[in-house]
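# Residue-level structure breakdown
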Number of protein chains: 2
Amino acid sequence: MTEPAENRSEDLLFEFPDGSQRSFASGITGHDIAKSISGRLAREALSITVDDTVLDLHRPLYTGGTISINTWEHEDGKMAFWHSSAHVLAEAVEQLYPGVKLGIGPPIEQGFYYDIDFGDTKFGTEDLPAVEAKMIELARQKNTFDRFEISKEEALEHYKKKDDPYKLDLIEGLEDGTISFYKQGSFTDLCRGPHIPDTSTIKAVKLLNTAGAYWRGDNQSKQLTRIYGVSFPKKSMLDAFLHQLEEAKKRDHKKLGPQLGIYMIDRMVGSGLPMWLPNGTVLRRTLESFLREEQIRRGYQEVITPHIGNLELYKTSGHYPYYKDSQFAPMDVDDEGYLLKPMNCPHHHRIYDNEMRSYRDLPVRLAEFGTVYRYEQTGELNGLSRVRGFTQDDAHIYCSQEQLKEEIKNCIDLTQFVFNTFNMPVDIRLSFRDDNEKKYGGDLELWEQAQKDIREAADEMQLDYTIAKGEASFYGPKIDFIIHDALGRKWQLGTVQVDYVMPERFNLTFTGADNQKHRPVIIHRAPFGSMERFTSILIEHFAGYFPLWLSPQQAVIIPVSDQYNDLAGEYEKELLQAGIRVKTDRKKDQIGAKIRNAETAKIPYMLIIGEKEKENRTVSVRKHKKGDIGNFNFSEFLSIIKREIDDRMLPESDGG
Amino acid sequence: MTEPAENRSEDLLFEFPDGSQRSFASGITGHDIAKSISGRLAREALSITVDDTVLDLHRPLYTGGTISINTWEHEDGKMAFWHSSAHVLAEAVEQLYPGVKLGIGPPIEQGFYYDIDFGDTKFGTEDLPAVEAKMIELARQKNTFDRFEISKEEALEHYKKKDDPYKLDLIEGLEDGTISFYKQGSFTDLCRGPHIPDTSTIKAVKLLNTAGAYWRGDNQSKQLTRIYGVSFPKKSMLDAFLHQLEEAKKRDHKKLGPQLGIYMIDRMVGSGLPMWLPNGTVLRRTLESFLREEQIRRGYQEVITPHIGNLELYKTSGHYPYYKDSQFAPMDVDDEGYLLKPMNCPHHHRIYDNEMRSYRDLPVRLAEFGTVYRYEQTGELNGLSRVRGFTQDDAHIYCSQEQLKEEIKNCIDLTQFVFNTFNMPVDIRLSFRDDNEKKYGGDLELWEQAQKDIREAADEMQLDYTIAKGEASFYGPKIDFIIHDALGRKWQLGTVQVDYVMPERFNLTFTGADNQKHRPVIIHRAPFGSMERFTSILIEHFAGYFPLWLSPQQAVIIPVSDQYNDLAGEYEKELLQAGIRVKTDRKKDQIGAKIRNAETAKIPYMLIIGEKEKENRTVSVRKHKKGDIGNFNFSEFLSIIKREIDDRMLPESDGG
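Predicted model, so just to flag it, every value in this text is computed and none were measured. (Residues numbered from 1 in each chain as written. Chains lettered and ligands numbered in written order. Predicted model: local features only at pLDDT ≥ 70, side-chain atom pairs only at ≥ 80, totals over all residues. Heavy atoms only, no water.)

## Some details on helix H5 (residues 152-162) of chain B
Residue and element names in this part refer to chain B. Formally: Only protein chains enter the area calculation, which uses a 1.4 Å probe; residues under 20% of their type maximum are buried, those over 50% are exposed, and those in between are partly exposed. Strands here are runs of E lasting at least two residues and helices are runs of H or I lasting at least four, both read from the DSSP assignment and numbered beginning at the N terminus. In this description, one arc is meant: the one made by directions from the helix axis to the C-beta atoms. In this analysis, two residues are considered to be in contact whenever any of their non-hydrogen atoms come within 4.5 Å of each other.
Three or more residues of H5 are buried, namely Lys 152, Ala 155, Leu 156 and Tyr 159. Seen end-on, H5 carries its buried residues on one side only, within an arc spanning 95°. Opposite the buried face of H5, at more than 90 degrees from it, the exposed residues are Glu 153 and Lys 161. Buried residues belonging to H5 abut strand S9 (146-150), helix H6 (165-172), strand S10 (179-184) and strand S11 (187-190). Where H5 ends, the next residue or the one after it, Asp 163, has phi of about 55°, a positive value.

This is how it looks when you write it as structure tokens:
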């Protein structure tokens, strides 16, 4: 950041996140500002964000604007911390393996990595502890991260001397005059920054694993060694992180899903094409019915459309050829192209357009559990969460501009209803346009009206939300719902998107009270997002211990010996009649083994019946993970379990 | 049929359909045999079938075998009648339009046609009545159909003289020595026969329409004029036929379907790719739930599989490349071919094979409402009944040979349960192998066991069935269900197929009680066949007046004026709560108009509420097609309508 002459001697006005404003002399640093607020903040601050730019804490400021002082609690603070940790990792590796060549080392969602060319030296996970120890040693030196800017020529000179082809490759692509380096201790790296003030806050480091990574992701280039790591300002945080990692591994849907009979992926059928096994199908159908009922109550109409469509549809929508790379190749039918549908929208637009619509018919809310297909690189595929075929709980609402706010509220309300059912906390983000960008379609005035409507809807509903400028889709502003799972991980699921572009492209109209043709607005929305991805999150959130209403098998009847099979049959019949998914385990195994099997299958209730139960028409009930919960009168138990299902009660306390 | 010397003087033994046997002197005719039974039978007989060959009634017989004497009531009799009528049609046209050239003139499902080259003469529907009249005139002449056989040379000579390129083309393809002609009155035609004794039984004729038809179906050849007709032995039969034709037109699902909001077909989406509109989706989901519930009760497990599959699957099953012409072209993904799935079987086989199966796990019954895609010629497409994408109510049952009979019984029972619900009569056909044909796969011994099992199952269930040799599929015998709709038309729907081939091809196994690997048998079954085709039949069967439980909208509440809107709202809420699909018509229209709208939309119940109803908490109820059925206490009406739904009651008397 060069020093702008005209501002040098003037005071700068800053606006803080709480809306308060203060002036500071030009040239002040983030650290000084933090200190002016509190000593603790100054100690904990890792970076600052002025307007949308994240900066080093010690960088002198010459322009005002909105300011946030970022600690570990802020994403921008954490990213600077991990970015700096990546530099320390590189420094440690350089010291332990002199002569290595460095690629890039960015922060990522959970930690950081560095791509390194070890030349002929072998490097593997067994070498990580030594590097970790070296990192901690270097961090303790409290080396400051010092920024300096140099010319492209000097930068090239530096790395030619160092004989580092990767950095040279990177510098070639940069403009002159903007090239910055950061130096800490004995290590210097080409870097845009920002970084934390010094290494001393890096108190705990864990290098997680190594992987091969092609230079610039190009499989024609050399494969470097990527070292993944994570670091924290406190040892206890690392412990918590490792514990969570362990938990996440236990809950991994790729392990639990097939094990619980939720889904399978078969190479012979195809990569990224999950097949829903019987248990998974029950789970999915239950989720679908749950949402379908709620949608009917809210005036949605369900439709079913084919999984292919004439290419004409996607040329009209603009999705072809522009998104061709993420689609399956068109098929030729009678000399016309057909596409495996990558989204349901164009089909729904044609259904809307199939009738003359009057203002009295609006809003028209078309819903479909629509399976769509998109091409993903093989390497990107991941269980149920990243697939090539998935089913959206899709709907399109066609309404007038006047109805928009009310419809947005309905969508928000439905989405919240859905996530509340799972007791998952939700962050709400209003994704608006960035007026500096030119990528948006549609009329500016309509955009502004829609953003106003969205904001008003959110305010009237007293939502806690953030606004993200520049996160809108190209056809309109949207609301994103980000849920937190039982491990505190965040997943972006449902969205509600306003669309002014497709009504134009598909020439959709309705006749107004003025007898004139008008354009409807479209809202795209999907609370779950996709059945596949949502199910993968549910599996991990509940660790496979689904709430009773979602459990594929809700109860198992275990007669202690053959002579209670009749009673088992009677109970089974009554439970089935009441809509409860129950089976009787009539195998010749020991009771203990039957209970273990039921625990492994994560069946919520085990109903054990023997002589006492037969005499009194009771059941001895075990609950999974809880053990024996006592002896119940059978019909009393039936009403307990029914209420648990009807109320969609969640598993107690542990959330899985 | 040449006279086999060795049989000339011996008696022939015939077995009649009732199992009785009688001997006749060699050289006897079918007519004589009929006469020996009854004079009436001799008068009504149209052809005979000896073993599987249909013959003229006056043809001398030199071999015995099974014999059936075919009257109008037999398919073989009707076909001879219509075939002979086609000859009379050609005779009439030749007389009215001398010099026309004749193509072919076969019987078809409902009547017959003849392809004729009228040269430069224009011929259209307006010319049909004159031809009809001429046909009746000729028929009254009681001309006999006389068969004679000639050499290929003579036959060619005959048509060269007549300058008829089409017949010459046909004769070129025939073997010498087998060429027969039939002559009635002044008309002679190249023909295999058989024909009825004489023209006098043709009492009523209707020529239905004309169409263009390429010679030999080849669009590079000349287009001839195809005249479609139908004929009957009684005038009353023609009247009934024409009445039914009129009825069928009124019930045409291609008219009613879109009109009632069941489905639409949109050129921009694609030919043969119906989209289910909101009303159709309710109907289809209701059908699916109905079958799903029943399947769960019978131990089926539902799965969901993707709509594409790696080509490897279909190469393994043998469906690719052998059925390539009826499939969409494969798509290339990462250098592997993927096919839009033409059937669900291979996916299910892979699910079966995903686990080690023990004899204790069998039968495994995997069900899916699976949407499949097959290529059909554009000209073959027809509303919902012939499409390029359809959803099968598919299931595959994997069982041991010992379980086969019981499983077949279960399948038959389920299919009958389904059709009984719609009160549709069903013909059952056991389609077995023809040992003379070589097209079948799998082990002969297993086939015989399966055919025995099927027959025993049918006998034990006391079914009325026919056996059709040669109608089995290549992989095993099957049972076909042919339903009769309200107009008496027959539709082949559900099938139950036994399959010994796919278990081999997919190498499916289970571990027996002997701890050895065994092959399961597979049953493929689909009671509805496809949701699309079945819905097209339901629409026509009920003429759109669906039974209440299937009606997309079951009731409409019509307040006689605004001041009863509150009561309407109350009633609506209570009905919705009870799961009844109801809406309130709050439009500003007159009551009469609202009732007319409801009648047009074929909504079963209209609930009219005014002052009297408000005072007494009653409803005045109109039933569609019936009019006013009286005033009911509201809660009494609610229980009536609920019972009608729960019991899946059919519309009264008229069947639609």
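So much for the structure itself; the text now carries on.
## Observations concerning the sheet that holds strand S28 (residues 521-526) of chain B
Residues and elements named next belong to chain B. As a reminder, the rule being used: By the convention used here, strands pair only if DSSP detects at least 2 bridges between them.
Across the sheet, eight strands lie side by side as S16-S20-S21-S28-S25-S24-S22-S23; this open sheet has mixed pairing. Two strands close off the open sheet at either side, each with one partner strand: strand S16 (301-302) and strand S23 (465-469). As paired strands, strand S22 (residues 426-432) and S23 are joined by five bridges and run parallel to one another. Its bridge partner lying in S23, Ile 428 is registered against Tyr 465.

## Concerning the packing of aromatic side chains
Put simply, the test is: Note on ring pairs: Phe, Tyr and Trp rings are taken, using the six-membered ring of Trp, and paired if centres are within 6.5 Å. Classes follow the plane angle, with under 30 degrees stacked, over 60 edge-to-face and the rest tilted. Think of it as a cone above the ring: NZ of Lys or CZ of Arg counts as a charge over the ring if it is within 6 Å of the ring centre and within 35 degrees of the ring normal.
Under the definition given, this model contains 54 aromatic pairs over all chains. Measuring from centroid to centroid gives 4.5 Å for Phe 528 of chain B and Phe 534 of chain B, while their planes differ by 25°, and the two rings are stacked. A relative accessible area of 0% places Phe 528 of chain B in the buried class. Judged by its relative accessible area of 0%, Phe 534 of chain B falls in the buried class. Among the aromatic residues, ring-to-ring pairing joins Phe 290, Phe 417, Phe 419, Phe 422, Phe 528, Phe 534 and Trp 549 of chain A into one connected group. Seen from the ring of Tyr 545 of chain A, Lys 625 of chain A lies directly overhead, with NZ or CZ sitting 4.4 Å from the centre. Note that Arg 433 of chain B overlies the ring of Trp 447 of chain B, its terminal NZ or CZ placed 4.8 Å from the centroid.

## With respect to the pairing of strand S25 (residues 490-499) of chain A
Residues and elements named next belong to chain A. For S25, the buried fraction is high: seven of the ten residues fall into the buried class. In this sheet, S25 lies alongside strand S24 (residues 478-484) in antiparallel orientation, the contact comprising six bridges. Counted as the bridge partner of Ile 479 is Val 496 from S25. Linking two consecutive strands that pair antiparallel, namely S24 and S25, is a turn of five residues; a positive phi of about 80° is found at Gly 488 within it. Direction of pairing for S25 relative to strand S28 (residues 521-526): antiparallel, over a ladder of five bridges. Bridge pairing in S28 places Asp 499 opposite Ile 522.

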